Amino acid sequence: MPKHLLSILLLTLTTFSGFGQDNATLLKGKVSSSKNDVSNVLVVNLNSKKSTITDSLGLFSIEVKLKDSVRITAVQYLPKEIVISESHMNSSLITIQLIDNVIDLKEVTVIPYNLTGDINLDIDRLALEKTVTSASLGLPNASLDKMTQSERLLLEADRGKYVKLATTDEYGKVFEILGYAALTVVVNTHKIMNKVSGRTKSLEEMVERDENMNLEKEIIYKFSKRTIAEHFNIPESNVNGFLTYCLSQPDFNELSNSGNMAEIWAYLETKSVDFKSSDVTKK
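Below is a summary of the structure that appears in this document. (Residues numbered from 1 in each chain as written. Predicted model: local features only at pLDDT ≥ 70, side-chain atom pairs only at ≥ 80, totals over all residues. Heavy atoms only, no water.)

**Quick look at the packing of helix α8 (residues 225–232) against helix α11 (residues 261–277)**
It is at 10 Å that the axes of α8 and α11 come closest, and there the two elements cross at 60°. With respect to each other, α8 and α11 are oriented oblique. Relative to α11, α8 is oriented so that their crossing is right-handed. Taking contact as the criterion, the partners of I228, H231 and F232 in α8 are, on α11, W265, L268, E269, S272 and K276. (Axes fitted to C-alpha atoms, helices over the stretch in contact; angles between N-to-C directions. Helix = DSSP H or I, 4+ residues; strand = E, 2+ residues; numbered from the N terminus. Parallel < 35°, antiparallel > 145°, perpendicular 65-115°, else oblique. Left-handed = near helix turned anticlockwise from the far one by under 90°. Contact = heavy atoms within 4.5 Å.)

**Focus: the nonpolar core**
Of all hydrophobic cores here, the largest spans 24 residues; its most connected members are I219, F223, I228, F242, I264, W265 and L268. Every element with two or more residues in this core is listed here: β2 (42–45), α7 (199–223), α8, α9 (239–247), α10 (252–258) and α11. For W265, the contacting residues outside a window of four places in its chain are L42, S51, I53, F223, I228, H231 and F232. (Core = buried A, V, L, I, M, F, W, Y, C linked by side-chain atoms within 4.5 Å. Buried < 20%, exposed > 50% of the residue type's maximum accessible area, 1.4 Å probe, protein only.)

**Here's the deal with the sheet that holds strand β5 (residues 69–73)**
With respect to topology, four strands assemble into an open sheet ordered β3-β2-β5-β6, the strand pairing being antiparallel. The open sheet is flanked by β3 (51–53) and β6 (80–83), the only strands paired with a single partner. Taking the axes of each pair of neighbouring strands and ignoring which way they run, one obtains an average angle of 20° across the sheet. Note that β2 and β3 share three bridges and pair antiparallel. Bridging across to β3, L42 finds its partner in I53. (Pairing = 2+ DSSP bridges.)

**Let's talk about α8**
Those residues of α8 that fall on the buried side of the exposure criterion are T227, I228, A229, H231 and F232. Those residues of α8 that are buried lie in contact with β2, β3, β5, α7, α9 and α11. Of the residues flanking the end of α8, it is N233, one or two places downstream, whose phi is positive at about 55°.

**Comments concerning the side chain of N45**
With respect to the helices and strands, the residue N45 is situated in strand β2. Taking relative accessible area as the criterion, N45 reaches 0% and is therefore assigned buried. A distance of 3.2 Å separates a polar side-chain atom of N45 from the backbone nitrogen of S48. Polar contacts involving the side chain of N45 include one to the main-chain carbonyl oxygen of E63, which spans 3.0 Å. (Polar contact = N/O pair within 3.5 Å; in protein donor to acceptor, adjacent residues only side chain to side chain.)

**Comments concerning the sheet that holds strand β1 (residues 25–32)**
Spatially, three strands are ordered β4-β1-β7 in an open sheet, and the strand pairing comes out mixed. Where the open sheet ends on each side, the last strands, each with one partner, are β4 (59–64) and β7 (94–97). For this sheet the average axis-to-axis angle between neighbouring strands, irrespective of direction, equals 35°. Of the pairings in the sheet, the one linking β1 to β4 comprises six bridges and is antiparallel in character. Of the residues in β4, the one forming a bridge with K28 is S61.

Everything listed is a geometric property; what it means functionally is a separate question.
What follows is the structure, encoded as structure tokens:
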């Protein structure tokens, strides 16, 4: 083969080889665990800084290039990092087995009550009575979620309609004038006074704060402060302030009601830029 043709061939192969390394592909994978929940596990491409979250089945997809490092993290698992190889790039679906994050406790010997350490035997030996609950008693509405104190106060302050027709019990008896029933109305002064005084609005804000606090705890439980701090380049001591900043945004309410952690994470990623450039971090 002529030398100039050989040179052209080698140059072409080198070009295609380099192109293959720089060309990004959509990596599809599945997070697997024998015990813990596999949903809302954070998957981050450490090179491109792009991230995604697993769905309820543990499935995810993320854009990667050859030799990119991908980290998988969640509070309930030990962090795992993989380097993208050609086999990963050519695979239709990769499976990543995570190890449960178990905290080892020192062995404790229990002496009272002649316990053995076998929970199945010890429960019978203790002869503990079953806890009596509204559900075990078969009471109505036992399956309903318990209301918080703020929700109960708001319900009491804003109960009923502002104005309604009086019932026979409320009016005493219906007077009849000229053969026609006399109608009367009842004004809900309690509801009106709470509205006018601002108590109702204050209680609504309290309920919203309680919901935000619960959501903030859920976000921290799912991803941990350390993961949030590292991914968004925010000091770990400022993570609570960052979440409070996000939860206070007007456009966050509708998003939080959906409960979609993937959408919430994407929202946090967007807001992290605004947070770091705001006056909040400069105080």
